[in-house]
Amino acid sequence: MVDGHFELVPGHLSLAELRALLESNRPIRLADDAWSAIEHSAEAVSEVLANGRATYGVNTGFGSLATTRIPTESVAALQRNLVLSHAAGAGPLLEDKLVRLILILKINSLSLGYSGVRRSTLELLIAFVNRGILPCVPAQGSVGASGDLAPLAHMSLPLIGEGEVSFKGKRMAAADALAKAGLKPVTLGAKEGLALLNGTQASTAFALAGLFAVENAFAAGMVAGAMSVDAMLGSDVPFQARIHAVRGQVGQMLVAEKLAELLSGSEIRTSHLDCDRVQDPYSLRCQPQVMGAVIDLMSYAAGVLRREANGVSDNPLVFRNETDGTAEIVSGGNFHAEPVAFAADALALAVAEIGSISERRMALLVDAKMSSGLPAFLVAEPGLNSGFMIAQVTSSALTAENKMLAHPASVDSLPTSANQEDHVSMAAHGARRVGRMAENAAVVVGIELLAAAQGLDFRTPLQTSPRLAEALGAIRARVSFLDRDRVMAPDMAQITALVGEGWFRRLVTGILPSE
C-alpha cells in the first residue's frame, strides 16, 4: 500500500491480492520502476514503424487480412478502426467488479513492457480503475483465441471516447463520463489497439472470479460435511492421518486433517464411540478422497490462472535483439487461451463434485432409515409436516444442472476469421459458466448446512465440536430451528448468502489456493 493505493508490481500479483482487488474498490498505482520498460517498449514500436518494415499489427491488417499493407499516415486510423469493428459483443453486461478486474489484468500485462503501449494510454486505463469509469462490456462474443477480442474491444472503446461506461452508479456515454472526470480520450498509436484487444484478460478474470467462488463453496462444503457426520452419528475414524498417508495424495491428506480438526471435541462423537455400526456411507466416509481430489484440481487451476494473470498474452510482442539491440516485433500465439480453458474445465469438475457429494449427504439426512434416529425429513410430526423434503429435491435439481454444465468447453473448437484462426479455446464461456456453477453449489451446500444444523439441534443436550458450534451459531443467527413447516426459500437464501460471502473459509484455513 502506498498512500492508500495498491501498488501494482507488474507480473507479481498473488491470488490473495487478485481476490482482494476483485472484492474491493481499492485504487491502484503502478510501481515507479515499471515505467522504464513501458517507455522502452513504446520506443521500439516507433523504431520499427520508422524503418518501414511490414510488421503485423503495426502497419498491416489483422487476421486473414494480415498481408494487407497499411500506409504510415493511416496507422492511427487502423488502430481506431480495429477497436470499433471488434466491439461486436452480445448478451448481458458484465458486473462492474468483473470489468474492473479485467482492466487491472490488462494493466498488469501491458506494464511488463512487451506490448508497445505508451505511458499515456496506460495512465488512462489506471484512471478508469481509480475513478470508477467502468466500460460496459457484453458478456458473450469471445472464443478465447486471438484473445478475448470482443470483450476487450468494448473495454477499450472508452479510451478513444466511444462506447458506454458505468460511472457513479449510472450508465452513460463514455465521452460524457470522461468529461465529468476531467479526462481526455487518447488517439491510439501504432500497435496499441491490437495490444489492448489481444490477450486473455477477460477469460482469466471470469476464471479467477469462478475460482474464488468455488473456494467459498468448498470451504462451506467441508464444514457441512463435518456437521453431517456429527448429526448422523458418523465416525471420525476414516479421517485418521495414517489411512491417507499410505496413499499419498496431497489434497486427500489435507482434507482428512481439516475434517478431523472440525470434529475434534464433539460430545456427540464421544457418545457413540462403542456403537455397533461398522462403516458409514461413502458420502460421509470418503470425503477426504473426494474433496481431496477437488482441492487438487482447484490448486492446479489456481496455479495456471495466477501465471496467466501475470503473463503477457497479446500479439505480436516487442523485444530487443540480444546481439545488436535493434527492435524486433515478433508474432506468436500467446493469445490462445487453452491454459485458461483447461483450468476452467477443471474448476467445473471440482465444483460439480462439491455439490454432488453434498447432495448425497443431504439425502441421508432426510432419510429416517439412514440418519441414525433423526426424524424423517428432519421435522417433528413428519406427515403433518414435510420439513426438508422439497429442499432436498431442489438440491438434486441444482446438482443435476451442474453435472450438465460440467461438460468441458475446451474440447470444442470452431474456426474463425476465414480459417486463419482455425483452432480456438472456448475459454471465455467455459470460464463464465464456473461462476454459475458455483452459485448452484452454494445453494446445494447451503441446504445441507441448514439440514445438518437441524440434525445437530435434534441431538441436544449433546453438543457438537467447538468449531462446528461456531458454524451452527452463524447459521442460527440467520435462520431459526424449523419446528414446523414454513416457506423454505428465504431460509435457503440466507445461508446461500453466507456461503457466497465466504464466511466458512475462516474454519478451513491453510488449504485454499488464494490464502
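As shown above, the structure is provided for reference.
The present account deals with the structure reproduced in this document. As the structure is a computational prediction, the values presented were derived from the model and not from experiment.

**Re the overall build of the chain**
Item 1. A tally of helices and strands in the chain yields 19 helices and nine strands.
Item 2. Relative to a compact globule of 515 residues, whose C-alpha radius of gyration would be 24 Å, the chain shows 26 Å and is just as compact.
Item 3. Each principal axis of the C-alpha distribution contributes one length, and for the chain these read about 85 × 50 × 50 Å.
Item 4. Counting over 515 residues, the chain shows a buried share of 55%.
Item 5. Across the chain, the fraction of contacts at a sequence separation of at least 24, relative to all contacts at a separation of at least 6, is 78%.
Item 6. Accessible surface, the chain: about 20500 Å² in total, of which carbon and sulfur atoms supply 54%.

**Regarding the sheet that holds strand 7 (residues 170-173)**
Item 1. Sheet architecture is open: three strands sit in the order 4-6-7, paired in antiparallel fashion. Looking along the sheet, the strands with just one partner apiece sit at the ends: strand 4 (134-135) and strand 7.
Item 2. As judged from the four bridges shared by strand 6 (residues 164-167) and strand 7, these two strands associate in the antiparallel manner. The residue of strand 7 that forms the bridge with glutamate 164 is alanine 173.

**A short note on the environment of threonine 270**
Item 1. Mapping threonine 270 onto the fold places it in helix 12 (residues 267-271).
Item 2. C-alpha of threonine 270 to C-alpha of leucine 462: the two residues are 192 residues apart in sequence and 9.5 Å apart in space.

**What about the pattern of salt bridges?**
Item 1. One pass over the full model with this rule turns up 24 salt bridges.
Item 2. Between glutamate 162 and arginine 80 there is a salt bridge whose closest N-O contact spans 2.7 Å. Taken together, the residues span a long stretch of sequence, with glutamate 162 in the loop between helix 6 (149-156) and strand 6 and arginine 80 in helix 3 (residues 75-86) at a distance of 82 residues.
Item 3. Of the residues examined, glutamate 162 reaches a relative accessible area of 29% and is grouped as partly exposed.
Item 4. For arginine 80, a relative accessible area of 33% puts it in the partly exposed group.
Item 5. Between glutamate 401 and arginine 436 there is a salt bridge, and its shortest N-O distance comes to 3.0 Å. Of this pair, glutamate 401 sits in helix 16 (residues 389-405) while arginine 436 sits in helix 17 (residues 427-458), and the two are 35 residues apart along the sequence.
Item 6. The class of glutamate 401 is partly exposed, set by a relative accessible area of 25%.

**Quick word on empty space enclosed by the protein**
Item 1. Evaluation of the coordinates by the stated rule reveals one cavity of 30 Å³ or more.
Item 2. There is about 40 Å³ of room inside the largest cavity.
Item 3. Lining of the largest cavity is provided by Phe388, Leu450, Gln454, Arg476, Val479, Ser480, Leu482, Arg486, Met488 and Asp491.
Item 4. When grouped by side-chain class, the residues that make up the lining of the largest cavity number five nonpolar, two polar and three charged.

Conventions we followed
- Residues numbered from 1 in each chain as written.
- Predicted model: local features only at pLDDT ≥ 70, side-chain atom pairs only at ≥ 80, totals over all residues.
- Heavy atoms only, no water.
- Helix = DSSP H or I, 4+ residues; strand = E, 2+ residues; numbered from the N terminus.
- Rg over C-alpha atoms; globule rule 2.2 N^0.38 Å.
- Buried < 20%, exposed > 50% of the residue type's maximum accessible area, 1.4 Å probe, protein only.
- Contact = heavy atoms within 4.5 Å.
- Areas by Shrake-Rupley, 256 points an atom, 1.4 Å probe, with all protein chains shown as cover.
- Pairing = 2+ DSSP bridges.
- Salt bridge = Lys/Arg side-chain N within 4 Å of Asp/Glu carboxyl O.
- 1 Å grid on protein atoms, 1.4 Å probe; cavity = no way out; pocket = protein on both sides within 12 Å on 5 of 7 lines; lining within 4 Å.
- Points joined across faces, edges and corners; volume = space filled by probe spheres on them.
- Nonpolar A, V, L, I, M, F, W, Y, C, P; charged D, E, K, R; others polar.

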